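Chain by chain, the residues run as shown.
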Amino acid sequence: MDKYDVRDLNLAEGGRRRMDWAVREMPVLSSIEDRFRKERPFEGIRMSACLHVTTETANLMRTLQAGGADIVLTASNPLSTQDDVAAALVSQYEIPVFAIKGEDNVTYYKHLRAALDHKPHITMDDGADLVSTLHKERREQLPDVIGGTEETTTGVIRLRAMAADGALNFPVIAVNDAMTKHFFDNRYGTGQSTIDGIVRATNILLAGKTFVVAGYGGCGRGLAMRARGMGANVIVTEIDPLVALEAVMDGFRVMPMAEAAPIGDIFCTLTGDLNVIDKHHFEVMKDGAIVANSGHFNVEINIPALEKMAVEKRLVRPFVDQYIMPDGRFIHILGEGRLINLAAAEVHPASVMDMSFANQALSAEYMLKNAKSLQKKVYSVPEAIDREIARLKLESMKVKLDGLTDEQLKYLNSWEEGT
Ligand SMILES: NC(=O)c1ccc[n+]([C@@H]2O[C@H](COP(=O)([O-])OP(=O)(O)OC[C@H]3O[C@@H](n4cnc5c(N)ncnc54)[C@H](O)[C@@H]3O)[C@@H](O)[C@H]2O)c1
């Protein structure tokens, strides 16, 4: 292999060991890998993937390679690359990787273009950067592309906008739409890893603390559930009456942030919205309040306002900025308001990525098999794939479930049966 760009190939052995550790928690992907190895669905197919370069992604790359794919990988975020994993893929699996943790924007796009030099038949994106660069800069390559898959909400939004404009040149499957992706990834993955990030950054005891969760969507539900499980007294803030009602019925106190601000010990935003914690909230917070964010962008906490209000700021431990207010109160911001589960922890555990990446692998296979009948649109993951992944996950957990009897099937399908 002559082309790749990683930090240091000497890191490979450590990376491979961590890949092996993660794969133990990825039984669904492993069972797909076994089948792919026999059936070789991607024989002769070139793939370019733009995903977070982590142990879990490396195991997805291994699965696709077992299926015969000729694959290259570039990073979908300059900060999330695990350099040892990138080295392992290059030196132990001969998969070209273009990714270095902390690379600047110029290098990020240079790497992205290097992945496109591979002339993919299938693209695999997390944020739609590959697809958008292909459409903007490499139009001559478009006729060779059979289709793509997209991992995340932001990417799906971009792609649906392209499709609506008639600008999308090939079909894409929105992996994020699968139940076995967003339901588990956002709720259980973000729920646990956000707690993990807050605890690793601060080492505080959650039991007995008042924990304010802003936003009760998929991520907020997961966090509220986990914080309560650790003994915290959880308050939810919401703007949507239906969602707020659900939070109330789930047993949480719901109130506006202005009322929660003076009583919370720990705050975490997961709304995808702007300035959810703002100047007037900082004004009334308790001494020692801890404030974090686990939503996509670092805009949910108005840190610029806090910077102006504070008389001094100091880093008291990694990921903990202490702001000293004019009245002597301390307010703590974790991870500069960026995703705390990415900044101070390791994002989602492998067991959750097992299902997300099973969706990626099976969606790519589906794309290849059905390309002729698919239009230049964004498609949801077929329900049959979603159900199959749920079935495989349960099987790996040794959980059995009932099936319908013939009598039940007839009953459920009949409109003539009544009281
Ligand atoms: N940390 C991670 O690893 C991770 C993983 C998945 C998603 N995310 C991000 O987390 C955010 C939330 O994702 P989700 O799937 O829960 O979204 P969602 O749309 O299901 O939930 C967001 C909730 O926030 C509420 N909300 C909006 N503005 C608000 C405000 N000003 N105050 C209180 N509530 C408000 C909405 O009504 C909604 O119920 C998004 O930015 C998403 O990209 C992060």
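Remember, it's a predicted structure, so these values are computed and weren't measured experimentally.

A. Region of the structure containing the overall build of the protein. Of regular secondary structure, the protein possesses 17 helices and 15 strands. Against the 2.2 N^0.38 benchmark of 22 Å for 419 residues, the protein shows a C-alpha radius of gyration of 23 Å, consistent with a compact globule. Along the longest, intermediate and shortest principal axes, the C-alpha atoms of the protein span 70 × 65 × 45 Å. Expressed as a percentage of its 419 residues, the buried residues of the protein come to 53%. Accessible surface for the protein amounts to roughly 19,600 Å². Of this, 53% is attributable to carbon and sulfur atoms. If the 47 positive side-chain charges of the protein are averaged to one point and the 58 negative ones to another, these points end up 2 Å apart.

B. Here's a closer look at unusual backbone geometry. The backbone phi angle of Arg 40 is positive, close to 45°, even though this residue is not glycine. Structurally, Arg 40 can be placed in the loop between helix 2 (27-39) and strand 1 (46-51). The partly exposed category is assigned to Arg 40, whose relative accessible area is 34%. We note that Val 347 has phi near 55°; this positive angle belongs to a residue other than glycine. With relative accessibility at 30%, the residue Val 347 sits in the partly exposed group.

C. Seen up close, the sheet that holds strand 9 (residues 253-254). Strand order in the open sheet made by the 8 strands is 9-8-7-10-11-14-13-12, with mixed pairing throughout. With one partner strand each, in any of the chains shown, strand 9 and strand 12 (312-317) form the two edges of the open sheet. Of the strand pairs in this sheet, strand 12 and strand 13 (residues 320-324) are connected by 5 bridges, and their pairing is antiparallel. In the sheet register, Arg 314 faces strand 13, and the bridge partner there is Gln 322.

D. Region of interest: helix 7 (residues 153-164). Here helix 7 is 12 residues long and its end C-alpha atoms lie 16 Å apart, about the 16 Å a rise of 1.5 Å per residue gives. For helix 7, the full list of buried residues reads Gly 155, Val 156, Leu 159 and Met 162. Within helix 7, the buried residues cover an arc of 120° as seen down the axis, which keeps them to one side. Projecting away from the buried face of helix 7 at angles above 90 degrees are the exposed residues Ile 157 and Ala 164. Those residues of helix 7 hidden inside the fold are in contact with helix 6 (129-137), strand 5 (147-150), strand 6 (172-174) and strand 15 (378-380). Backbone geometry just after helix 7 places Gly 166 at a positive phi near 75°.

E. Inspection of the packing of helix 2 against helix 3 (residues 55-66) at higher detail. Contact pair helix 2 / helix 3: the axes reach a minimum separation of 7 Å and the direction vectors enclose 20°. As summarised for this structure, helix 2 and helix 3 are arranged roughly parallel, according to the angle between their axes. Every pair of crossing elements has a handedness; the one defined by helix 2 and helix 3 is left-handed. Packed against helix 2, whose contacting residues are Leu 29, Ile 32, Glu 33, Phe 36 and Arg 37, the element helix 3 presents Asn 59, Leu 60, Arg 62, Thr 63, Leu 64 and Ala 66 at the interface.

F. Examining the packing of aromatic side chains more closely. Scanning all chains against the criterion turns up 5 aromatic pairs. With a centroid separation of 5.1 Å and an interplanar angle of 85°, the aromatic rings of Tyr 108 and Tyr 109 are classed as edge-to-face. Each member of the aromatic cluster is reached from another via a ring pair, and the members are Phe 183, Phe 184 and Tyr 188.

G. Expanded view of the site of the ligand. Surrounding the ligand, one finds 22 residues, the nearest of these being Asn 186, Cys 219, Glu 238, Ser 294 and Asn 341. Asn 186 is positioned with one of its side-chain polar atoms (N or O) 2.9 Å from an oxygen atom of the ligand. One nitrogen or oxygen atom from the main chain of Gly 218 is found 3.1 Å from an oxygen atom belonging to the ligand. Relative to its free-state accessible area of 860 Å², the ligand is covered by the protein chains to the extent of 76%. Going through the elements one at a time, helix 8 (179-202) and helix 9 (218-229) are the ones with two or more residues in the shell around the ligand. Among the residues making up the shell around the ligand, the classes are represented as 6 nonpolar, 13 polar and 3 charged.

H. Focus on the sheet that holds strand 2 (residues 70-75). Sheet architecture is open: 7 strands sit in the order 3-2-1-4-5-6-15, paired in parallel fashion. Each edge of the open sheet is held by one strand with a lone partner, namely strand 3 (97-98) and strand 15. Note that strand 6 and strand 15 share 3 bridges and pair parallel. Along strand 15, the bridge assignment pairs Val 172 with Val 378.

I. How the structure looks around the nonpolar core. By size, the foremost hydrophobic cluster in this structure holds 52 residues, and its most contacted members are Met 47, Leu 60, Met 61, Leu 64, Leu 89 and Val 97. Top contributing element to this core by residue count: helix 15 (residues 350-370), with 9 residues. Ignoring anything within four residues of it in the chain, the contact list for Met 47 reads Phe 42, Leu 64, Ala 69, Asp 70, Ile 71, Val 72, His 118, Pro 120, Ile 122, Met 124 and Ala 364. The next biggest cluster of nonpolar side chains, apart from the first, holds 26 residues, and it includes Ile 195, Ile 266, Ile 290 and Ala 344.

Analysis parameters
- Residues numbered from 1 in each chain as written.
- Predicted model: local features only at pLDDT ≥ 70, side-chain atom pairs only at ≥ 80, totals over all residues.
- Heavy atoms only, no water.
- Helix = DSSP H or I, 4+ residues; strand = E, 2+ residues; numbered from the N terminus.
- Rg over C-alpha atoms; globule rule 2.2 N^0.38 Å.
- Buried < 20%, exposed > 50% of the residue type's maximum accessible area, 1.4 Å probe, protein only.
- Areas by Shrake-Rupley, 256 points an atom, 1.4 Å probe, with all protein chains shown as cover.
- Lys, Arg positive; Asp, Glu negative; His and termini not counted.
- Charge placed at Lys NZ, Arg CZ, Asp CG, Glu CD.
- Pairing = 2+ DSSP bridges.
- Expected span 1.5 Å × (residues − 1).
- Arc of directions from axis to C-beta.
- Contact = heavy atoms within 4.5 Å.
- Axes fitted to C-alpha atoms, helices over the stretch in contact; angles between N-to-C directions.
- Parallel < 35°, antiparallel > 145°, perpendicular 65-115°, else oblique.
- Left-handed = near helix turned anticlockwise from the far one by under 90°.
- Phe/Tyr/Trp six-rings, centres within 6.5 Å; stacked < 30°, edge-to-face > 60°.
- Near = heavy atom within 4 Å.
- Polar contact = N/O pair within 3.5 Å; in protein donor to acceptor, adjacent residues only side chain to side chain.
- Nonpolar A, V, L, I, M, F, W, Y, C, P; charged D, E, K, R; others polar.
- Core = buried A, V, L, I, M, F, W, Y, C linked by side-chain atoms within 4.5 Å.

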